[in-house]
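Analysis of the macromolecular model
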Amino acid sequence: MACYISSNNNRLYAALESDFGVVAGVTAAERFTAMSLAARQETETPRRKDKTGSRTFQGIQGGLRRRTSFDLRTYVYGRGSGSEAPRYGALLQAALGAAPIASMELGVSAIHGTSVTFAQAHGLQPGSAVVVQGEMRFVVGVVDALTVVVNAPFTEGQAAGAVCGGAIVYAPAVDLATVSVHDYWTPGTAVQRILRGAAVDEMEIRVNGDFHEIRFAGQAADVIDSASFQSGEGGLTQFPVEPALQGLSEMPVPGHLGQVWIGNGANRLFTLSDARVVVKNNMEFRTRDFGTLTPRCLVPGQREVSVDLEMYGQDQPVFEEIYQAARQRSPIPLMLQLGEQDGALCGVFLPSFVPAVPEFDGEDSRMRWRLKGSQALGSGEDEIYVAFG
C-alpha cells in the first residue's frame, strides 16, 4: 500500500569528481549523516514579445538553460581516530581546495608554554594540527625537526611521555574541486537523485548551538534522477544503484564543548555565546556558452573568510586587546576548538583576522559584545585551516 516517504529514510554519499560534471562513483565509505539536503533547479525562461493575437502563453520550442543550487546541513561528528577523515571530507575539500594532510601519532618529550618537542621527527608544517589529551592547537612555527611552536599553550600540564594524537587538516588552494552528491531514499522505487558538478560556494561552521554544525551551499551542473534518466547524463549509461547498506552510527558533538583562543597573547575566552565562520568562494559557473544548456566549468573568485562572534563582556585584558585591534584594524589570531575528546575534535584556525568594532548589547541582564563581519587575511592560501583530531 502506497504511503508517505519518511524523511528519515534518506542516505547521502559524496565523492570528488575527476572531471567537472562527470558523476563519481560512491561506496559505503562515502556515506555520511546530515540533517538536510535542499536541491533546487530552475529553468531560465525568456519572455516572448511577439504578437500572437492572444494573451495566452503559447510555449517555447527547444530546451532551456537550467540553474541548480543546493544547501546541505550536517553536524560535527566523532570519528574512529584523529587522523581519520570525516565522512563528508569531499565537501570540505570542495569548499577549501587543497587535499587534506594527515599527521600520525607522535611521542612528546616536552611541552613548555607554546613550544612542543617531540621524541622523533615530526614532519609538521605551519597550519598542521597538534592534539594532546583532548586539546587541539595549530602549528605557527617550526623550530627544527623535533620542535614546533603552536598558537596557544595547553591548559593542562603535559608531562614528558604524552602522546600527540593524529589529525587531518584541510587548507585553502587556488583551484576548487567538484563533487557528486548521491541522494538515495527508501523505498527503492522512490525517485533517487544525484547532484553532479556540485561546487561549494559557501561553507559555514556554526559554534555553540545544540550541536556544532557545518553548512555547505553552492551550485551544481545539474541534478539527474532515476525517473527521467537518459543514457549519457553525467557520463553514465545507467542510473547507479545504491551501494550495499552498512551500519552507520555517528555521534554529534554537543555545541557547548570546546575552547576559544584569541589575540596575540593567546588569551582563552570563556564567555563566547555564539560564533560563525563563513568561507565564501564567490565562484562563477560558465553558463553562457552558445549551444549549451548546463554549465561547462566553474571559475573561483576572490575568497572571503568572515567571522561573527558574540560574547558576554568582561573587564579582562583580552577584551581590551580585541577592542584595540578592532579600532586600529590590527590583525590578531583566532582559534576555535569544537569538542573535547580525541577522535571528536574539530578546530578552526585563522592566523590573522581583523575584528569588527564590537556592538554593545545591553538589553539583557548581562552586556554582550557582537562582532559582525570580521575579515580574515592572509599572504596566499593561508587565511584559514580546518582540522579534525
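Everything discussed here concerns the structure shown above.
Note that the structure is a prediction, hence the values are computed from the model and not measured. (Residues numbered from 1 in each chain as written. Predicted model: local features only at pLDDT ≥ 70, side-chain atom pairs only at ≥ 80, totals over all residues. Heavy atoms only, no water.)

**A look at helix α2 (residues 317–328)**
- For α2, spanning twelve residues, the distance from its first C-alpha to its last is 16 Å, which sits close to the expected 16 Å at 1.5 Å a residue.
- Among the residues of α2, Val318, Phe319, Ile322, Ala325 and Ala326 are the ones counted as buried. Buried residues of α2 fall within an arc of 130 degrees about the axis and therefore sit on the same side. Turned more than 90 degrees from where α2 packs its buried face, Pro317, Glu320, Arg327 and Gln328 sit exposed.
- Along its buried surface, α2 packs onto β17 (258–262), β18 (267–268), β22 (304–312), β23 (332–338) and β26 (368–376).
- Following α2 by one or two positions, Arg329 has its phi on the positive side, about 55 degrees. (Helix = DSSP H or I, 4+ residues; strand = E, 2+ residues; numbered from the N terminus. Expected span 1.5 Å × (residues − 1). Buried < 20%, exposed > 50% of the residue type's maximum accessible area, 1.4 Å probe, protein only. Arc of directions from axis to C-beta. Contact = heavy atoms within 4.5 Å.)

**Let's talk about helix α1 (residues 89–96)**
- Burial analysis of α1 places eight of its eight residues in the buried class, the great majority of the element.
- What α1 keeps buried is the set Gly89, Ala90, Leu91, Leu92, Gln93, Ala94, Ala95 and Leu96.
- Two residues or fewer after α1 comes Gly97, characterised by a positive phi angle close to 120 degrees.

**Re the side chain of Arg137**
- Position of Arg137 relative to the elements: it lies in strand β9 (residues 135–142).
- For Arg137, a relative accessible area of 0% corresponds to the buried category.
- There is a polar contact of 3.1 Å between the side chain of Arg137 and the side chain of Glu135.
- A polar atom in the side chain of Arg137 sits 3.0 Å from the backbone oxygen of Pro153. (Polar contact = N/O pair within 3.5 Å; in protein donor to acceptor, adjacent residues only side chain to side chain.)

**Looking at the sheet that holds strand β10 (residues 147–150)**
- With antiparallel pairing, the six strands of this closed barrel are ordered in space as β6-β7-β10-β9-β8-β11. The mean angle between the axes of side-by-side strands here comes to 50 degrees, regardless of whether they run parallel or antiparallel.
- Summarising the sheet, strand β8 (residues 129–132) and β9 pair through four bridges and their orientation is antiparallel. Bridge pairing in β9 links Val132 to Glu135. (Pairing = 2+ DSSP bridges. Axes fitted to C-alpha atoms, helices over the stretch in contact; angles between N-to-C directions.)

**What to know about the nonpolar core**
- Counting 61 residues, the largest nonpolar core has Tyr88, Leu91, Met203 and Leu350 as its most contacted members.
- Beyond its immediate sequence surroundings of up to four residues, Tyr88 is in contact with Phe32, Thr74, Tyr75, Val76, Tyr77, Ile214, Phe216 and Phe388.
- Counting 17 residues, the second-largest nonpolar core is a separate cluster that includes Val131, Ala167, Val169 and Ala266. (Core = buried A, V, L, I, M, F, W, Y, C linked by side-chain atoms within 4.5 Å.)

**Regarding the pairing of β26**
- One ladder, built from six bridges, connects β22 with β26; its direction is antiparallel. Bridge pairing in β26 links Glu310 to Arg370.
- Bridge count for strand β24 (residues 346–354) against β26 is two bridges, and the pairing is antiparallel. The residue bridging Val354 from the neighbouring strand is Gln375, located in β26.
- The pairing of strand β25 (residues 359–361) with β26 spans three bridges and is classified as antiparallel. Bridge assignment links Asp361 to a residue of β26, and that residue is Arg368.
- Counting the residues between successive antiparallel strands, the hairpin from β25 to β26 contains six residues.

**Section: the side chain of Ser374**
- Here Ser374 lies in strand β26.
- Take Ser374: its relative accessible area is 1%, and that puts it in the buried class.
- A polar contact is formed between the side chain of Ser374 and the backbone nitrogen of Ala356, at a distance of 2.8 Å.
- Those residues in contact with Ser374 that sit more than four places away from it in its chain are Val305, Ser306, Val307, Phe353, Val354, Pro355 and Ala356.

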